[in-house]
Amino acid sequence: LLHHQCHALAPPSPSNTRRDFLESTVSTIAATTAAAAAITTSFPNLSNAVEVEGSSLSSSSLPLASSSQPLSLPPLGLGAWAWGDSIFWKYDKKNDDELKEVFDYALSKNLAFFDTAELYGLGRSEELLGKFRKEACATKEDEEKVIIASKFAALPWRTKREDVVKACKASVKRLGGQPIDLYQIHFPNAWSNEDYWDGLADAYDQGLVKSVGVSNYGVDALRACHAKLSERGIKLATNQIQMSLLYRWPIENGLLDACKELDVKVLSYSPLALGFLTGKYDRNNLPSGPRSKIGEQLFDNEDGSYERLLEVMRDVAGKHDDAPMSQVAINWAIAKGTIPIPGARNIRQVKQNLSTLDWSLTAEEEKLLDDASAKVTGFVTPDKNPFPRKDVNTGLAMYDS
C-alpha cells in the first residue's frame, strides 16, 4: 500500500535506530515535494508509531469549542514542520530554546499563527507548540492570540471516520488540551476519503476543533469535500497546497480559482521552495539531506531560466531597501491571494519572514516575477509527489498539484 502511495521504497539501513527509521518514513509521507524521494518503511511499525499517546482522551474532559465564528487568519503564518523533524530538517532538541524564541516573537507581533501536524516529528512539533503556548499565555485572552492549525495523516490503514476523531483527540492533548483552531486532512488517501470528511465534521460537532480544512486536495476533491461538509452545515475553511515561484501548478490548472470560487482560504506551503528561492544555494552549494536531490535536479535541468528568475527577484528586492529575496517570494504568494506559511527555526528567520508584511509588490513587479517564473524548468512536478491521484473506490480525482 505504501509502495502504491510513495512510489519508491527502500529497506532500512542496519545502522539506523528504530526511531530514525520510523521518523524517516513518516517525515517522507508528510513531506511536500522533496519527500517523494527515497524513504524507508515498515508497514506495521509505522502503524504503531502513529498511534501515539493520548488517543483515548475523552472529549468530555476538554474545554470544547463554543463558537461557530468564521475562521480569521493573519496574512502570514509560520510552518512548524521542522519543529521535531530530525531527518529532513535536522531537528535537535538542544535547539528548542531557539524555537521558543520564534514562538514568543510571533506572539509579540500578534502574528502567532502556526501550522503543524501529527506527523511532524511524530507529534513533537505539536508538543512543543502546546508547551510554548502554556508558558507564554497567562490568560485566556493571551491564549486566543495564538492560532494553531494541525493535520490528520490519511495513512492507508486508517479507513474510518472514527480514526480522524481519535487522532484529533491525541493532537488536542499534545497541544495542551485546547480545541484546535483549524484541523485539516493532511493529504488524500487512495480510499476512505469521504469517511475522513465525516470524521472532520464529527470532530467539529464534538467541539474538538473550531474549523476544518484539507491539504493537497485537487479541484474535484475540493468541490466534493466542500459539498459533503455543507450537508452538515459546516464550512470548508481552507485548502493547504504547495505554491511558489517555482511551483505554479495551482495557478495554471485552476485549483487556485476553484478555492476562490468556493470561498476556501488557501494556505500556501513551501513558498520558499525548500530554500531554493532564498538565493542561498547554487550548483556548488546544495542543502544537505533529501533537499540535495531536489537541488541536483533543478541545476541539472537549468537552462538559464532559474538564474533569470533569481535576477528578477534581486532587482525587485533592491527596489524595496534591499529586502531579502525570501520576502520577494513570500510577497508574491500573498499577491496571489494566499496565506503563505514559511518555516522558521530561529529568531533571524522569523523576523525576516514576518517583516515581509512591511511592504508589498507593485502590479508591475508581480508581472515581472510571473513572466520569469513561468519559464523555469527543473523543479519538482506534480507527478513526482507521492499523493494518490484517485480514490480507487469512488473514482474521484483527489490530487492534481
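Structure shown above.
Since this is a predicted model, take the numbers as computed values, not measurements.

Any chance you could explain the nonpolar core here in plain terms?
Within soluble globular proteins, side chains that are nonpolar tend to cluster in buried spots. Counting residues in each nonpolar core, the largest one holds 119 residues, and the members touching the most others are Trp 83, Leu 246, Met 313 and Leu 369. Ranked by the residues each element gives to this core, the list is headed by helix α13 (residues 305-318), at seven residues. If we skip the residues at most four places from it in the chain, Leu 246 touches Ala 273, Phe 276, Leu 277, Leu 298, Tyr 306, Leu 309, Val 376 and Phe 379.

Honestly, the pairing of strand β9 (residues 265-269) in this entry has me stumped. Any pointers?
For a regular strand, the rule is simple: side chains alternate between the two faces of the sheet. Taken across its five residues, β9 has four buried, putting it largely inside the fold. Where strand β8 (residues 236-242) meets β9, five bridges bridge the pair, whose relative direction is parallel. Pairing of Ile 241 across the sheet is with Ser 268, part of β9.

Sorry if this is basic, but what is going on with the pairing of strand β7 (residues 212-215) here?
Residues Val 212 and Val 214 line one face of β7 and the alternating positions Gly 213 and Ser 215 line the opposite face, and both faces are buried. Here three bridges tie strand β6 (residues 182-185) to β7, and the two strands are oriented parallel to one another. Looking at β7, one finds that Gln 184 is bridged to Gly 213. Crossover β6 to β7 through helix α8 (residues 193-205) is right-handed. Relative to β8, β7 is paired through four bridges, and the arrangement is parallel. Of the residues in β8, the one forming a bridge with Ser 215 is Gln 240. Regarding the hand of the β-α-β motif, the stretch spanning β7, helix α9 (residues 219-231) and β8 is right-handed.

So what exactly am I meant to see when it comes to the side chain of Asp 181 here?
Here Asp 181 shows up in the loop between α7 (161-174) and β6. Within the structure, Asp 181 has its side chain in polar contact with the backbone nitrogen of Ile 148 (distance 2.9 Å). A distance of 3.4 Å separates polar atoms of two side chains, one belonging to Asp 181 and the other to Lys 210. Not counting residues up to four positions away in its chain, the partners in contact with Asp 181 are Leu 71, Val 146, Ile 147, Ile 148, Lys 210 and Ser 211.

Quick question: what am I supposed to make of the packing of aromatic side chains here?
Aromatic rings considered in pairs are described by the distance between their centres and by the relative angle of their planes. If you walk through the whole model with that rule in mind, you get 15 aromatic pairs. Ring plane angle 10 degrees and centroid distance 5.0 Å describe the contact between Phe 103 and Phe 114, whose orientation is recorded as stacked. Separated by eleven residues along the polypeptide, Phe 103 in helix α4 (residues 96-108) and Phe 114 in strand β4 (residues 113-115) bring together distant segments of the chain. No difference in accessibility class separates Phe 103 from Phe 114, as the two residues are buried. For the ring pair Phe 187 and Phe 387, a centre distance of 5.9 Å and an interplane angle of 25 degrees mean the geometry is stacked. Of this pair, Phe 187 sits in the loop between β6 and α8 while Phe 387 is found in the segment after α16 (363-373), placing the two residues 200 residues apart along the sequence.

Sorry, what's going on with the packing of α4 against helix α15 (residues 347-354) here?
A packed helix pair is summarised by two numbers, namely the angle formed by the two axes and the spacing between the axes. As a packed pair, α4 and α15 sit with axes 8 Å apart at the nearest point and diverge in direction by 30 degrees. Classified by the interaxial angle, the pair formed by α4 and α15 is roughly parallel. For α4 against α15, the interelement crossing comes out right-handed. Contacts between α4 and α15 pair Glu 101, Val 102, Tyr 105 and Ala 106 from the former with Ile 347, Val 350, Lys 351 and Leu 354 from the latter. For the contact of α4 with α15, the per-class residue count stands at six nonpolar, no polar and two charged.

Reading guide: rules and limits
Residues numbered from 1 in each chain as written. Predicted model: local features only at pLDDT ≥ 70, side-chain atom pairs only at ≥ 80, totals over all residues. Heavy atoms only, no water. Core = buried A, V, L, I, M, F, W, Y, C linked by side-chain atoms within 4.5 Å. Buried < 20%, exposed > 50% of the residue type's maximum accessible area, 1.4 Å probe, protein only. Helix = DSSP H or I, 4+ residues; strand = E, 2+ residues; numbered from the N terminus. Contact = heavy atoms within 4.5 Å. Pairing = 2+ DSSP bridges. Right-handed = clockwise from strand over helix to strand, strands pointing away. Polar contact = N/O pair within 3.5 Å; in protein donor to acceptor, adjacent residues only side chain to side chain. Phe/Tyr/Trp six-rings, centres within 6.5 Å; stacked < 30°, edge-to-face > 60°. Axes fitted to C-alpha atoms, helices over the stretch in contact; angles between N-to-C directions. Parallel < 35°, antiparallel > 145°, perpendicular 65-115°, else oblique. Left-handed = near helix turned anticlockwise from the far one by under 90°. Nonpolar A, V, L, I, M, F, W, Y, C, P; charged D, E, K, R; others polar.

Keep in mind these values describe shape, not function.
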